[in-house]
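Here is what each chain is made of, one letter per residue.
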Amino acid sequence: MFSRTLHRAAGALFAVTALTATPALAADAWKPAKPVRLLVGFAPGGSADTLARLLAEPLSQRLGQPVVVENLAGAGGNIMAYRLSQAPADGYTIGIAAAGSMAITHVLNPKGTNYKPTDFTPITLAAVQPNVVIVNKDVPANNLTELKEYFQKTPTATYGTAGVGISNHLIAETMLYKLGVKVPHAAYRGAAPVITDLLGGHIAMTMDNISTAAPLASQGKVKAIGVASLKRAAQLPNVPTLDEQGLKGFDMPTWQGVFAPAGLPADVLAAYYAALQDVLKQPALIEKMAGLGSEPVTGMTPEKFGEFLDNDRKQWADIVKAANISLEQ
């Protein structure tokens, strides 16, 4: 169950996207007549915000209008998702979102959210990144076994992520569940304040994207304990995977996709899909993303992205049930 990963699901879909493009996606007639808002559900400095800012300039050039990044941090991306769901479906408001707001929220609290999956138009999957377990440099642990022992001996220790119900929260909870330890979780409004408190020793551990974790670990500001993928990360070649350290099959990357409000006209959807495909294939963008440990995704049509999201929600439902994860964590 835990080895059924987002990355593999995406890979399986990429192989068929060339055969599933619809005639509507071949058109590119719509052009915005005013600036476009690109909403991000997290504070500046995290992987979603970084991706948005990398996309904004080339997307502006492609669309012929400024694309302005707007951070609406809080509630694990759910504040932004709600605002996006309420925006007019006219092409002037789009958003970068991830599994937390687009899949996990509805698994954890299907009746208590103020928006639902059908409130959005999926445009395309844009990027995936491996996740890394990092700890404060003073935590007496250099591998997964020692980290487990530390948590068992230190009941006051806590870990933090950028919100309840985001993918990194559930990935961390899955890891802790498989290790057989229970650690209190602190939810933050974004990745940057998590790192601030990790560096300050207010929390012991976080699970974060490689783009954030690798520079900190390389500079000796934190210790990287393990990579939550089946292969080691190029940015941290000496850090073993969780799979290597005994959690067999543990392969849980993070993804980000581009969404619009439900009811986006077909010509607007086609224009955005075509523009994003061009942007995500630009060598300069690919190079910048690779430097951050992020892999651009191309060729996933809106239809296939919708299927990907359905499969993702099923995966998270299995994880939530197996690990008995709740909103209170």
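In case you missed it, the structure is sitting above this.
Residues numbered from 1 in each chain as written. Predicted model: local features only at pLDDT ≥ 70, side-chain atom pairs only at ≥ 80, totals over all residues. Heavy atoms only, no water.

*Asks:* It is not clear to me how the pairing of strand β2 (residues 67-71) should be interpreted in this structure. Could you clarify?
*Replies:* Moving residue by residue along a regular strand, the side chains alternate between the two faces of the sheet. Alignment of strand β1 (residues 36-40) against β2, held across 5 bridges, turns out to be parallel. Counterpart to V40 in the pairing with β2 is N71. A crossover links β1 with its parallel partner β2, the connecting element being helix α3 (residues 47-63), and its sense is right-handed. (Pairing = 2+ DSSP bridges. Helix = DSSP H or I, 4+ residues; strand = E, 2+ residues; numbered from the N terminus. Right-handed = clockwise from strand over helix to strand, strands pointing away.)

*Asks:* I tried to follow the pairing of strand β5 (residues 131-136) on my own but got confused; where do I start?
*Replies:* The buried fraction of β5 amounts to 6 of the 6 residues, a majority that puts the element mostly inside the structure. In this sheet, strand β8 (residues 205-209) lies alongside β5 in antiparallel orientation, the contact comprising 5 bridges. Along β8, the bridge assignment pairs I134 with T206. Sheet analysis places β5 next to strand β9 (residues 222-227), joined by 5 bridges and oriented antiparallel. When the bridges of β9 are listed, V133 appears paired with G226. (Buried < 20%, exposed > 50% of the residue type's maximum accessible area, 1.4 Å probe, protein only.)

*Asks:* Can you help me understand the pattern of salt bridges in this one?
*Replies:* For side chains bearing opposite charge, pairing can occur when the charged atoms are close. On inspection of all chains with the given rule, the structure shows 8 salt bridges. A salt bridge links D119 to K116, with the shortest nitrogen-to-oxygen separation between them at 3.2 Å. What makes D119 buried here is its relative accessible area of 16%. Residue K116 is classed as partly exposed on the basis of its relative accessible area, which comes to 45%. (Salt bridge = Lys/Arg side-chain N within 4 Å of Asp/Glu carboxyl O.)

*Asks:* Explain the environment of N114 here, please?
*Replies:* Topologically, N114 is positioned in the loop between α5 (99-108) and β4 (120-129). According to the relative accessible area criterion, N114 is exposed, its value standing at 51%.

*Asks:* For this particular structure, what's the right way to read the environment of S229?
*Replies:* Mapped onto the secondary structure, S229 falls in the loop between β9 and β10 (254-261). Its relative accessible area of 9% is what places S229 among the buried residues. Along the backbone, S229 and D243 are 14 residues apart, and their C-alpha atoms lie at a distance of 7.3 Å. In contact with S229, not counting residues within four places along its chain, are P130, T241, F250 and D251. (Contact = heavy atoms within 4.5 Å.)

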